[in-house]
Amino acid sequence: MSLYLGLICARGGSKGVPGKNIRLLAGKPLIHYAVETGLRIPEISRLIVSTDSPEIAHEAKLAGAEVPFLRPAS
């Protein structure tokens, strides 16, 4: 069985919908849906969120993803 790394890229500086990754959708932040979907894939052994936003990082961790570091905004 192969194991894979899941990666979710979530930029904090959305211009179209500011703060969209932490906006509530049906009572929970949007990033939670992406993390929960990734965690349901049995082949993914680690799910990492790459973000430049401390708020997104916090919500991603609450949802069960790893956030090993904050990337630079650039």
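What comes next concerns the included structure. As the structure is a computational prediction, the values presented were derived from the model and not from experiment. Counting restarts for each chain, with residues numbered from 1 along the sequence as it is written. pLDDT decides what is reported in this predicted model: residues at 70 or higher carry local features, side-chain atom pairs at 80 or more are listed and counted, and totals for whole chains, interfaces and linings draw on all residues regardless. Processing note: side-chain calculations cover all non-hydrogen atoms of the structure and skip hydrogens and water entirely.

Some words on the overall build of the chain
By the criteria applied, helices consist of DSSP H or I runs no shorter than four residues and strands consist of E runs no shorter than two, each listed in order from the N terminus. Looking only at helices and strands, the chain features two helices and four strands. We take the radius of gyration over the C-alpha atoms and set the globule estimate at 2.2 Å times the residue count to the 0.38 power. Radius of gyration (C-alpha) of the chain: 12 Å, near the 11 Å computed for a compact globule of 74 residues. Along the three orthogonal principal directions, the C-alpha set of the chain runs to about 40 × 30 × 20 Å. Counting across all 74 residues of the chain, residues that qualify as buried make up 31%. Accessible area is worked out with a 1.4 Å probe on protein chains only. A residue is then buried under 20% of its type maximum, exposed over 50%, and partly exposed in between.

Remarks on the nonpolar core
Core analysis: the biggest nonpolar cluster contains 12 residues, these being Ile8, Ala10, Ile31, Val35, Leu47, Val49, Ile56, Ala57, Ala60, Ala63, Ala65 and Val67. Sort the elements by how many residues they give to this core and helix H2 (residues 54–63) lands first, with four residues. Contacts: residue pairs with any heavy atoms within 4.5 Å of one another. The residues touching Leu47, leaving out its near neighbours within four places in the chain, are Gly6, Leu7, Ile8, Val35, Gly38, Leu39, Ala65 and Glu66. We define the nonpolar core as a collection of buried residues of types Ala, Val, Leu, Ile, Met, Phe, Trp, Tyr and Cys that are connected through side-chain atoms lying within 4.5 Å of one another.

Topic: the pattern of salt bridges
Counted as salt bridges are all cases of a side-chain nitrogen of Lys or Arg within 4 Å of a carboxyl oxygen of Asp or Glu. Within the structure shown, the criterion is met by two salt bridges. Glu36 serves as the salt-bridge partner of Lys28, at 2.7 Å between the closest nitrogen and oxygen. Taking relative accessible area as the criterion, Lys28 reaches 25% and is therefore assigned partly exposed. Across the salt bridge formed by Arg46 and Glu66, the nearest N and O atoms sit 2.7 Å from each other. Separated by 20 residues along the polypeptide, Arg46 in strand S4 (residues 44–51) and Glu66 in the segment after H2 bring together distant segments of the chain.

Focus on the environment of Gly12
Among the secondary structure elements, Gly12 is positioned in the loop between strand S1 (4–10) and strand S2 (24–25). Separated by 43 residues in the primary sequence, Gly12 and Glu55 have C-alpha atoms spaced 8.4 Å apart. Once residues lying within four places of it in the same chain are set aside, the contact partners of Gly12 are Thr51, Asp52, Ser53 and Ile56.

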